[in-house]
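# Understanding the architecture of this molecule
The chain contents come next:
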Amino acid sequence: MSHDPEPTDDWEYTLQVPSDPMAPCIARRTLRTIFEEHGFLELADTAELLTSELVTNAYRYSDGPASVRVKREGDRVRVAVWDTNPRMPALDRVALPDAADNGAEQGRGLGLVQWCADSWGGFALRDQPQGLVGKLIWFELGAGAG
């Protein structure tokens, strides 16, 4: 039951994923459904790719569960991935994907995020009042910018 959303309709979804090798696949499929149902199909491929990279990193580099939050505000959609590892990658030294490394299995995820997202960033979570620790990496895509 799909419908065209009103331009001012903001929404938010959160998906909790376990530390499991299937987590990136589940996150991709969930994001595709969200983007399709809310009329952002032109951004779905990019959102799926970047979310998959971030959830894969969460699985590889943290010992606990992860969470994916998808939020629309106006003409932008923000996707944030939280995991339990507070160690931040050096966001200012992320290398863009290199065509010469087309066979590389690792090390391109944050470069893809930097290259494809309209904006992105992250921060460590320590000593939060709720006891939440880890890190949050996010990206934004603008409507029609896909």
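Attention here is on the structure that accompanies the text. All values derive from a computational prediction rather than experimental measurement.

Our focus in this paragraph is the pattern of salt bridges. Once their charged atoms are close, side chains differing in charge can pair, the charge on each being opposite to the other. Summed over all chains, the structure comprises ten salt bridges. Across the salt bridge formed by R32 and D45, the nearest N and O atoms sit 2.3 Å from each other. Taken together, the positions of R32 in helix α1 (residues 23-37) and D45 in helix α2 (residues 41-61) put the pair 13 residues apart, joining distant regions of the chain. Judged by relative accessible area, which is 54%, D45 ranks as exposed. A salt bridge links E140 to R78; the nearest nitrogen and oxygen atoms lie 3.1 Å apart. Note that E140 is positioned in strand β5 (residues 134-142) and R78 in strand β3 (residues 76-83), a separation of 62 residues in sequence. For E140, a relative accessible area of 14% translates into the label buried. Counted as one network, the salt bridges with shared partners bring together E12, R69, K71 and E73.

Quick look at the sheet that holds β5 now. A sheet is described by the order of its strands in space; here five strands give the open sequence β1-β2-β3-β5-β4, paired in antiparallel fashion. In this open sheet, the two edge strands, each paired with only one partner strand, are β1 (11-17) and β4 (119-125). Between one strand and the next, the sheet's axes are offset by a mean angle of 15°, whatever the strand orientation. When β3 meets β5, the two strands line up antiparallel, connected through eight bridges. Bridge pairing in β5 links W82 to L136. With respect to the sheet, α2 is in contact with β1, β2 (66-73), β3 and β5, its orientation differing from that of β5 by roughly 170°.

Before going further, it helps to spend a moment on α2. Counted at 1.5 Å a residue, the expected span for α2 with its 21 residues is 30 Å, and the 30 Å between its end C-alpha atoms agrees. Along α2, the sharpest change in direction is near 25° and occurs at A47. Within the sequence span of α2, burial applies to L43, A44, T46, A47, E48, L50, T51, S52, L54, V55, T56 and A58. If you follow the buried residues of α2, they end up packed against β1, α1, β2, β3, α3 (109-116) and β5.

Analysis parameters
Residues numbered from 1 in each chain as written. Predicted model: local features only at pLDDT ≥ 70, side-chain atom pairs only at ≥ 80, totals over all residues. Heavy atoms only, no water. Salt bridge = Lys/Arg side-chain N within 4 Å of Asp/Glu carboxyl O. Helix = DSSP H or I, 4+ residues; strand = E, 2+ residues; numbered from the N terminus. Buried < 20%, exposed > 50% of the residue type's maximum accessible area, 1.4 Å probe, protein only. Pairing = 2+ DSSP bridges. Axes fitted to C-alpha atoms, helices over the stretch in contact; angles between N-to-C directions. Contact = heavy atoms within 4.5 Å. Expected span 1.5 Å × (residues − 1). Bend = angle between axes of the 7 residues up to and from the residue.

Don't take any of this as a statement about function, it's just geometry.
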